[in-house]
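One-letter residues, chain by chain:
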Amino acid sequence: MKNLLTFISIFIVFSATAQKGDELLVYSMKGNVTVIENNKESRVKIGKVLKPGSSVKTQRLAKLTMVCKQGKPLTVTKEGTFPVTKWKDSCTTDHHSVTSKYFQYIWDQLYIRSDDYKRDHPETVGAVVRNEAPVRGVEQLEIEFNEAFDTLNYASGAFSLSWTANMEYAGKYNFVLYDVVSGKYLHEDSVAGNSIQLDKIKKYMQPNNIYGWSVAARKTGICNGGVIKYTTIRKVNQQVLKLQKAINVPEDQAAQYFRVAYLLENSHYLADAFAFYQKAANAAADVEFYTEKVNEFRKTFQLGFF
């Protein structure tokens, strides 16, 4: 009897896991697309969880792109009604490709914002995130930089170099921009806050050159922030065009903006990524995920409203 109960428990866990793997998420859509669940038909939204047992219904000229948990996009470009189980064996993908990693990221981010996740994890909804208690007795000021600044590709756009300190500091920081090859100082400035706009210093840089930057304050040594690979707008546009054509699945405008932004961020084009994240949020104001990403980006890199 004990062995039977153990087998049943394992079977239930396995079945639940398998079912979760069979679920799809709506990534992008154009035109009229609905879902039929429990004999009820309703419009679908970005991030909608499509479960086995339900069906998607597409009208003429509609285009739907869904994503598997494994990171594979699936598309519907024909008119008709399709059971979700139609794609149960279609989610095999190369987990190491850039495309699959992106869509795995999308699946995770959309799923934790879905009604299904909130229903299954009520304890996480509305949870208060508390900061760690401040460290007492710290006397030495330390300056830290986001690791994304290790290498920054930049041509133009509103963006800032920023840093944080481990304690309150009312004084000014000494900012230095220098040529990596010669070590020559090109610009030095006294900064009151914890950031400096790239627009302010790009006049000291020449395209296709590499520059370093550092920050110092009283009672600290020189802290290296990272390097800036100053490029041309033409090269950035070529990179954007390449990323736009990177996948061959239907995308609405906001979805494409967001994907390009994500890939630009991972390629160290932070200013351009920020611009495209904002485009995605503006193109689909009803998709909270896009707006949340913009706010997260602002907070991470201490960006104001330019």
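Residues numbered from 1 in each chain as written. Predicted model: local features only at pLDDT ≥ 70, side-chain atom pairs only at ≥ 80, totals over all residues. Heavy atoms only, no water.

Caption draft 1: The arrangement of the overall build of the chain in detail. Regarding its fold elements, the chain presents eight helices and 17 strands. Relative to its 306 residues, the chain shows a buried fraction of 41%. In the chain, the share of contacts with a sequence separation of at least 24, taken over all contacts with a separation of at least 6, comes to 61%. When the accessible surface of the chain is split by element, carbon and sulfur atoms take 50% of a total near 17900 Å². (Helix = DSSP H or I, 4+ residues; strand = E, 2+ residues; numbered from the N terminus. Buried < 20%, exposed > 50% of the residue type's maximum accessible area, 1.4 Å probe, protein only. Contact = heavy atoms within 4.5 Å. Areas by Shrake-Rupley, 256 points an atom, 1.4 Å probe, with all protein chains shown as cover.)

Caption draft 2: Main features of the packing of helix α7 (residues 270–283) against helix α8 (residues 288–300). The interhelical angle for the contact between α7 and α8, taken along N-to-C directions, is 150°, at an axis separation of 8 Å. The angle between the axes of α7 and α8 places the two elements in the roughly antiparallel class. α8 is crossed by α7, and the crossing has left-handed handedness. Residues Leu270, Ala273, Phe274, Tyr277, Gln278, Ala280 and Ala281 of α7 lie in contact with α8, whose contacting residues are Tyr290, Thr291, Lys293, Val294, Phe297 and Arg298. Its residues assigned to classes, the contact of α7 with α8 comprises nine nonpolar, two polar and two charged. (Axes fitted to C-alpha atoms, helices over the stretch in contact; angles between N-to-C directions. Parallel < 35°, antiparallel > 145°, perpendicular 65-115°, else oblique. Left-handed = near helix turned anticlockwise from the far one by under 90°. Nonpolar A, V, L, I, M, F, W, Y, C, P; charged D, E, K, R; others polar.)

Caption draft 3: Up close: the environment of Leu241. You can see Leu241 is positioned in helix α5 (residues 233–244). The class for Leu241 is partly exposed, based on a relative accessible area of 43%. Residues Leu241 and Val260, 19 residues apart in the sequence, show an inter-C-alpha distance of 9.1 Å.

Caption draft 4: Structural context of the sheet that holds strand β3 (residues 40–43). Taken in spatial order, the four strands line up as β3-β2-β5-β8 in an open sheet, and their pairing is antiparallel. If you trace the sheet from one side to the other, it starts and ends with β3 and β8 (80–83), each paired once. Going from strand to strand, the sheet's axes swing by 25° on average, the running direction of each strand aside. The pairing of strand β2 (residues 33–37) with β3 spans four bridges and is antiparallel. Looking across to β3, one finds that Val35 is bridged to Ser42. (Pairing = 2+ DSSP bridges.)

Caption draft 5: Looking closely at the sheet that holds strand β7 (residues 73–76). Spatially, the four strands line up as an open sheet ordered β4-β1-β6-β7, and their pairing is antiparallel. Strands with a single pairing partner mark the edges of an open sheet, and in this sheet they are β4 (49–50) and β7. Here six bridges tie strand β1 (residues 24–30) to strand β6 (residues 63–68), and the two strands are oriented antiparallel to one another. Within β6, the residue paired with Leu25 across the bridge is Val67. Contacts from helix α2 (residues 98–111) reach β1, β4, β6 and β7, with the element oriented near 100° to β1.

Caption draft 6: Spatial organisation of the state of the cysteines. One pass over the full model with this rule turns up one disulfide. Cys68 shares a disulfide with Cys91; S-S distance 2.0 Å. Linking Cys68 and Cys91, the disulfide has an S-S dihedral of approximately -70° and is accordingly described as left-handed. Here Cys68 is found in strand β6, whereas its partner Cys91 is found in the loop between β8 and α2, with 23 residues between them in sequence. Judged by its relative accessible area of 0%, Cys68 is buried. (Disulfide = S-S within 2.5 Å.)

Caption draft 7: Local environment of helix α6 (residues 253–266). Helix length check: α6 (14 residues) gives 20 Å between terminal C-alpha atoms against 20 Å at 1.5 Å per residue, within 8%. The buried fraction of α6 is high, at 10 of 14 residues. Considered for burial, the residues of α6 that qualify are Ala254, Ala255, Tyr257, Phe258, Arg259, Val260, Ala261, Tyr262, Leu263 and Leu264. Looking at the buried positions of α6, the neighbouring elements they touch are β1, α2, α5, α7 and α8. The N-cap residue of α6 is Asp252: its side-chain oxygen and the backbone nitrogen of Ala254 are 3.2 Å apart. His268, located one to two residues past α6, shows a positive phi value of around 75°. (Expected span 1.5 Å × (residues − 1). Polar contact = N/O pair within 3.5 Å; in protein donor to acceptor, adjacent residues only side chain to side chain.)

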